[in-house]
Structure formats: structure tokens, C-alpha cells
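# Analysis of the macromolecular model
Each chain, letter by letter, is given below.
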Amino acid sequence: MYVCSCFGITDKQVKDHAAAGACTPRQIASATKAGTDCGSCVRTIQGILGRGACPRRELLEKGNAAAVLAADVPSAPAAAPSLAEAA
């Protein structure tokens, strides 16, 4: 069954991305573009995703928003040694 008519995304594709770790409609949109045009499929995607296990959601429910934010921030590249350190 098609979930997103704008981009031809099926419920199977949404479920596959959810099984691979996508927990939110925004994550599904990043992977498939579903929900980014007219938006009429977002509620259907939410229904497919349900309230199942999601590491980020579990961290938020435990009150650990800092861990969620840290998981979203890419690690900074290692700084190059200064001239004083190199000598």
C-alpha cells in the first residue's frame, strides 16, 4: 500500500526503515522524502511507527535529554597539534 503518493513510498519501505532504526517521521523523511511535499502522509507514518522501542525516545522518557542531544551532534574532528606541541 502506498503511504506517500507524492514520492511513491510504500508502508513496507517505511517499516523497513523503522526496522533499521528510524523512530520518527522526520527520520523517515530524511531517508525517503515521504512527508516532505504535501504532508498528508505524516499521520499515517506516525501510525506505522507507533510507540515502539526507540532508543532516543527511551532516553527522553528517562529524562536524559543531554544524551539525546549528544547522540545528534557529530563528533568534532581532532584538533591539529599547535606549533609549541610539535616542537
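Structure: see above.
Heads up: these notes are all about the structure in this document.

What counts, and at which threshold
- Residues numbered from 1 in each chain as written.
- Predicted model: local features only at pLDDT ≥ 70, side-chain atom pairs only at ≥ 80, totals over all residues.
- Heavy atoms only, no water.
- Disulfide = S-S within 2.5 Å.
- Helix = DSSP H or I, 4+ residues; strand = E, 2+ residues; numbered from the N terminus.
- Polar contact = N/O pair within 3.5 Å; in protein donor to acceptor, adjacent residues only side chain to side chain.
- Contact = heavy atoms within 4.5 Å.
- Salt bridge = Lys/Arg side-chain N within 4 Å of Asp/Glu carboxyl O.
- Buried < 20%, exposed > 50% of the residue type's maximum accessible area, 1.4 Å probe, protein only.

What follows deals with the state of the cysteines. Under the counting rule described, the total for this entry stands at zero disulfides. For the unlinked cysteine C6, the closest cysteine sulfur is that of C38, found at 3.7 Å. Free cysteine: C41, not disulfide-bonded; nearest cysteine sulfur from C4 at 4.0 Å.

Before going further, it helps to spend a moment on the side chain of T32. Topologically, T32 is positioned in helix α2 (residues 25–32). A polar contact is formed between the side chain of T32 and the backbone oxygen of I28, at a distance of 2.8 Å. A distance of 3.1 Å separates the side chain of T32 from the backbone nitrogen of A34, its partner in a polar contact. Not counting residues up to four positions away in its chain, the partners in contact with T32 are F7, I9 and H17.

With that out of the way, let us pick up the pattern of salt bridges. Per the stated rule, a full pass over the model turns up two salt bridges. With its nearest N and O atoms 3.9 Å apart, the salt bridge here joins D11 to K15. With D11 and K15 both in helix α1 (residues 11–19), this residue pair falls four residues apart, about one helical turn. Given a relative accessible area of 46%, K15 falls into the partly exposed group. Among the ionic pairs, K12 bridges to D16, the shortest N-O distance being 2.9 Å. One end of the pair, K12, and the other, D16, are both in helix α1, four residues apart, so they sit about a helical turn from each other. D16 gets classed as partly exposed once you look at its relative accessible area, which sits at 41%.

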